[in-house]
Amino acid sequence: MTLPMVVPAQDLPAHVRIHEVGARDGLQNEKSVVPTAVKAEFVHRLAAAGLTTVEATSFVHPKWVPQLADAEQLFPMLGDLLDVALPVLVPNERGLDRALALGAHRIAVFASATESFAKANLNRTVDESLAMFEPVVARAKADRAHVRGYLSMCFGDPWEGAVPVHQVVRVAKALMDMGCDELSLGDTIGVATPAHVQTLLAELNEEGVPTSAIGVHFHDTYGQALSNTLAALQHGVSTVDASAGGLGGCPYAKSATGNLATEDLVWMLQGLGIDTGVDLGLLTATSVWMAGQLGRPSPSRTVRALSHQES
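Remember, it's a predicted structure, so these values are computed and weren't measured experimentally.

By the element assignment, Glu182 lies in strand β7 (residues 182-187). Within the structure, the side chain of Glu182 is placed 3.1 Å from the side chain of Arg148, a separation counted as a polar contact. Look past the residues within four positions of Glu182 in its chain and what remains in contact with it is Arg17, Arg106, His146, Val147, Arg148, Gly149, Met176, Ala213 and Thr239.

Structure representation (structure tokens):
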């Protein structure tokens, strides 16, 4: 492929690690349950396309996320992916027990910056949820696991509206202080804008959270995901969450639409001369295949454009 033409910009990271969330965050929002074998092939195809971090599944109680009830069956099917990080989401110590029993060594906890979403998603206050995560993180670290802290509603909340930056920073700092290795800032309903992104990043730095420990997770509800990603890159962020084919939303926030599509992200990064290690052709083919499994076209603009060229 000769396009996009590479025109590097100054002061951007030379390499970006894409934290692929399609197999977990993407599929958990599907109305129908995807067969375990299809999920396993999806993860294998994503790895073959060059993605080195693929979030595999969630050890949440099946009652809450029935789409991922097969975590115990799926995770062993990925054991041959020795060079791929396979993080899993755990909500509490029971979920951690299940994950560790299968040999998972990268786990993630999922916190909220707002009280409304903490209640909707975890049935707890923000502080009660942080107290629940403390032993999870401590035990995971004792087991030498890498721990990622997701923080949702960092830029706006469907019930509370605008979320003060200091409120987000407080919860983010608590996650890092309890031992999280990495922090993912979630724009769960897709309302962030570039200056808001850079302001939050600067405030986190002032409170001692290094940019190197921060990833960003944007939804494209208002078409701002790529512009917000570029703003984060300009600040020095080099970990970006994305979902193959733009799959996903959030089952507990009905206004949340799909994640930033991995293909759209890779297209932009390639044009900027930023290395990702991802083969865009193989990734696009994977998303076209997955769209076929789901019975609908991919919402990713890049997938649609490239698959149209090939047809």
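Here we take up the packing of helix α10 (residues 262-271) against helix α11 (residues 280-294). Put simply, α10 and α11 touch, their axes get as near as 10 Å, and they point 165° apart. In terms of axis orientation, α10 runs roughly antiparallel to α11. For the pair α10 and α11, the crossing hand works out as left-handed. Contact residues: Thr262, Glu263, Val266, Trp267 and Gln270 in α10; Leu280, Leu283, Thr284 and Ser287 in α11. A class-by-class count of the residues in the contact of α10 with α11 yields four nonpolar, four polar and one charged.

Counted at 1.5 Å a residue, the expected span for helix α8 (residues 194-206) with its 13 residues is 18 Å, and the 19 Å between its end C-alpha atoms agrees. For α8, the full list of buried residues reads Val197, Leu200, Leu201 and Leu204. Along α8, the residues classed as buried sweep out an arc of 100° about the axis, all on the same side. Pointing more than 90 degrees away from the buried face of α8 are the exposed residues Ala195 and Glu206.

Once that is clear, we can look at the packing of aromatic side chains. If you walk through the whole model with that rule in mind, you get three aromatic pairs. With a centroid separation of 5.6 Å and an interplanar angle of 45°, the aromatic rings of Phe110 and Tyr150 are classed as tilted. With a gap of 40 residues between them, Phe110 in strand β5 (residues 106-112) and Tyr150 in strand β6 (residues 146-152) connect regions that are remote in the sequence. Per residue, the accessibility class of Phe110 equals that of Tyr150, and both read buried. Against the face of Tyr150 rests Arg24, its NZ or CZ located 5.5 Å from the ring centre. The ring of Tyr150 carries the charged tip of Arg148 above its face, separated from the ring centre by 5.0 Å.

A word on the side chain of Ser152. Along the chain, Ser152 falls in strand β6. Taking the relative accessible area as the measure of exposure, Ser152 reaches 2% and is therefore buried. Setting aside its immediate chain neighbours within four residues, Ser152 contacts Phe110, Ala111, Ser112, Ala113, Phe117, Gly186 and Thr188.

The subject of this paragraph is the pattern of salt bridges. All chains considered together, the criterion is met by 15 salt bridges. Here Asp70 and Lys39 are joined by a salt bridge, their closest N and O atoms 2.9 Å apart. Of the two residues, Asp70 sits in the loop between β3 (57-58) and α3 (71-74) while Lys39 sits in helix α2 (residues 36-48), which places them 31 residues apart along the sequence. Among the residues examined, Lys39 registers a relative accessible area of 1% and is labelled buried. In this structure, the salt-bridge partner of Arg139 is Asp97, at a minimum N-O distance of 2.5 Å. Residue Arg139 is found in helix α6 (residues 126-142), and its partner Asp97 is found in helix α4 (residues 93-101); the two are separated by 42 residues along the sequence. The class for Arg139 is partly exposed, based on a relative accessible area of 33%. On the basis of relative accessibility, which here comes to 39%, the residue Asp97 falls in the partly exposed class.

Reading the values: rules and limits
- Residues numbered from 1 in each chain as written.
- Predicted model: local features only at pLDDT ≥ 70, side-chain atom pairs only at ≥ 80, totals over all residues.
- Heavy atoms only, no water.
- Helix = DSSP H or I, 4+ residues; strand = E, 2+ residues; numbered from the N terminus.
- Polar contact = N/O pair within 3.5 Å; in protein donor to acceptor, adjacent residues only side chain to side chain.
- Contact = heavy atoms within 4.5 Å.
- Axes fitted to C-alpha atoms, helices over the stretch in contact; angles between N-to-C directions.
- Parallel < 35°, antiparallel > 145°, perpendicular 65-115°, else oblique.
- Left-handed = near helix turned anticlockwise from the far one by under 90°.
- Nonpolar A, V, L, I, M, F, W, Y, C, P; charged D, E, K, R; others polar.
- Expected span 1.5 Å × (residues − 1).
- Buried < 20%, exposed > 50% of the residue type's maximum accessible area, 1.4 Å probe, protein only.
- Arc of directions from axis to C-beta.
- Phe/Tyr/Trp six-rings, centres within 6.5 Å; stacked < 30°, edge-to-face > 60°.
- Lys NZ or Arg CZ within 6 Å of the ring centre and 35° of its normal.
- Salt bridge = Lys/Arg side-chain N within 4 Å of Asp/Glu carboxyl O.

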